[in-house]
Amino acid sequence: MLDSGAAILDVADLKTVFNTRDGVVHAVNGVSFSLAPGELLGVVGESGSGKSVTMMSLMGLLPSPPAEIVTGEIIYDGQDVRAMKPEQLRALRGGQIGFIFQDPMTSLNPVFTVGFQLMEPLRVHLGMNKKQARARSVELLELVGIPDAASRLKDFPHQFSGGMRQRVMIAIALACDPKVLIADEPTTALDVTIQAQILELVKELRQKLGMAIVWITHDLGVVAEIADRIAVMYAGQIVEHAPVKELFRNPQHPYTQALLETLPKVEGARNERLLSIDGQPPNMTRAPQSCEFAPRCKYAFERCRRENPVRVDIGNGHDVACWWDVHIDGERHAG
Ligand SMILES: Nc1ncnc2c1ncn2[C@@H]1O[C@H](COP(=O)(O)OP(=O)(O)O)[C@@H](O)[C@H]1O
Ligand SMILES: [Mg+2]
């Protein structure tokens, strides 16, 4: 299923739980994906589907306890990330893999100037002196489209508007020329116009710098414009995965189909509340033993309530975890 030949990031069967006082939360239940250099993978799923925990697990960003990576292989550029020492992991995070989060106010430090926060990784990870780091910081702010870059280095995060803060976050994430950028709902908190500008900026930067990107969102419409491939998550699992055009043309999983139906048909209507899918969100306090979507699925039959479907390759780089598909078309993939 995985084409790991030339992958810059390869994740296999990742399982992450939280051991809480109220029991075990099964946040990530066997996630596998690979990312080729320069590629943009969109990860889509409703709130609570395990998108953030997956990405935080990859980089060792979850506090343990309560988080625990139960199994999984995480290979970055041929190196086993799970075997890395804390300082190697820190170097990887700040240097080769950049992060952007939804809310820059919580990830930018309010008590340090933007200049300091840009220069710090350059000095720590790239060993630049102050002068070099300052020059590079100005370059970076210019790169992400912040006017008067040189004079803004001394400003604090709260002196920037929401959209500009998000640009600062992107500049910091790009500071050390990462090969991979992980963007976790980076435009969700922004209004539609700014959101569009940030998307445009990321498209541009990607062309210019050629890094691979994992773009996480609950809004399929957002990634449709920029992704090469999309992975759809439900209940801590990837339930469908395909090149973006293929996914839109030929969605197989009933959850993906429902997501597509909730997309606003009118351009520009995106910021309106998305229609929700009927039924309860999945119960994460047990490991999946059946198809977790079955209770909300109009096609569910007996097998779905008994056995958790695995991802089956159906050609065109497309795979899907659904018994219904196998049921109605046993010839194509006798499962
Ligand atoms: N610190 C935590 N303790 C317990 N459960 C958590 C914690 N963080 C996240 N979870 C649970 O893990 C699941 C996945 O969360 P998350 O990855 O944040 O979802 P998403 O990013 O897709 O919205 C959710 O059920 C969430 O409640
Ligand atoms: Mg999240």
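Scoring rules and cut-offs
- Residues numbered from 1 in each chain as written.
- Chains lettered and ligands numbered in written order.
- Predicted model: local features only at pLDDT ≥ 70, side-chain atom pairs only at ≥ 80, totals over all residues.
- Heavy atoms only, no water.
- Axes fitted to C-alpha atoms, helices over the stretch in contact; angles between N-to-C directions.
- Helix = DSSP H or I, 4+ residues; strand = E, 2+ residues; numbered from the N terminus.
- Parallel < 35°, antiparallel > 145°, perpendicular 65-115°, else oblique.
- Left-handed = near helix turned anticlockwise from the far one by under 90°.
- Contact = heavy atoms within 4.5 Å.
- Buried < 20%, exposed > 50% of the residue type's maximum accessible area, 1.4 Å probe, protein only.
- Core = buried A, V, L, I, M, F, W, Y, C linked by side-chain atoms within 4.5 Å.
- Salt bridge = Lys/Arg side-chain N within 4 Å of Asp/Glu carboxyl O.

Visitor: Explanation requested: the packing of helix α5 (residues 130-143) against helix α7 (residues 162-174) in the structure shown.
Guide: Helix-helix packing is described using two parameters, namely the angle between the two axes and the distance between the axes. Here α5 crosses α7 at 130°, and the two axes come no closer than 9 Å. By the angle between their directions, the pair α5 and α7 is classed as oblique. Where α5 crosses over α7, the two elements pack in a sense that is right-handed. Only Val-168, Ala-171 and Leu-174 of α7 make contact with α5, whose side of the interface consists of Arg-136, Leu-140, Leu-141 and Leu-143.

Visitor: In this structure, what is going on with the environment of Ser-64? I would like to understand it.
Guide: Note that Ser-64 resides in the loop between α1 (51-58) and β4 (67-76). Using a relative accessible area of 57% as the deciding quantity, one classes Ser-64 as exposed. Separated by 192 residues in the primary sequence, Ser-64 and Thr-256 have C-alpha atoms spaced 33 Å apart.

Visitor: What should I look at first to understand the nonpolar core in this one?
Guide: Burial of nonpolar side chains together is a common tendency in soluble globular proteins. If you look at the biggest cluster of nonpolar residues, it comprises 64 residues, and the most contacted ones within it are Leu-141, Ile-170, Trp-215, Leu-220, Ile-230 and Tyr-255. Per-element tally for this core: the top contributor is α7, with six residues. Other than its neighbours up to four places away in sequence, Ile-230 contacts Leu-41, Gly-42, Val-44, Leu-220, Val-223, Glu-240, His-241, Ala-242, Val-244, Leu-247 and Phe-248. Leu-14, Phe-18, Tyr-76 and Ile-182 belong to the second largest nonpolar core, which has 34 residues in total.

Visitor: So what exactly am I meant to see when it comes to the pattern of salt bridges here?
Guide: If the charged atoms of two oppositely charged side chains come close together, the side chains can form a pair. Evaluation of the coordinates by the stated rule reveals 15 salt bridges. Among the salt bridges present, the one from Lys-51 reaches Glu-185, with a minimum N-O distance of 3.8 Å. Placement of the pair is Lys-51 in helix α1 and Glu-185 in the loop between β7 (180-184) and α8 (192-209), with a sequence separation of 134 residues. Pair check on accessibility: Lys-51 and Glu-185 agree, each one buried. In this structure, the salt-bridge partner of Asp-319 is Arg-311, at a minimum N-O distance of 2.7 Å. The class of Asp-319 is buried, set by a relative accessible area of 3%. In this structure Arg-311 comes out as buried when scored by relative accessible area, which is 15%. Taken together, the shared-partner salt bridges in this structure form one network comprising Glu-302, Arg-303, Arg-306 and Glu-307.

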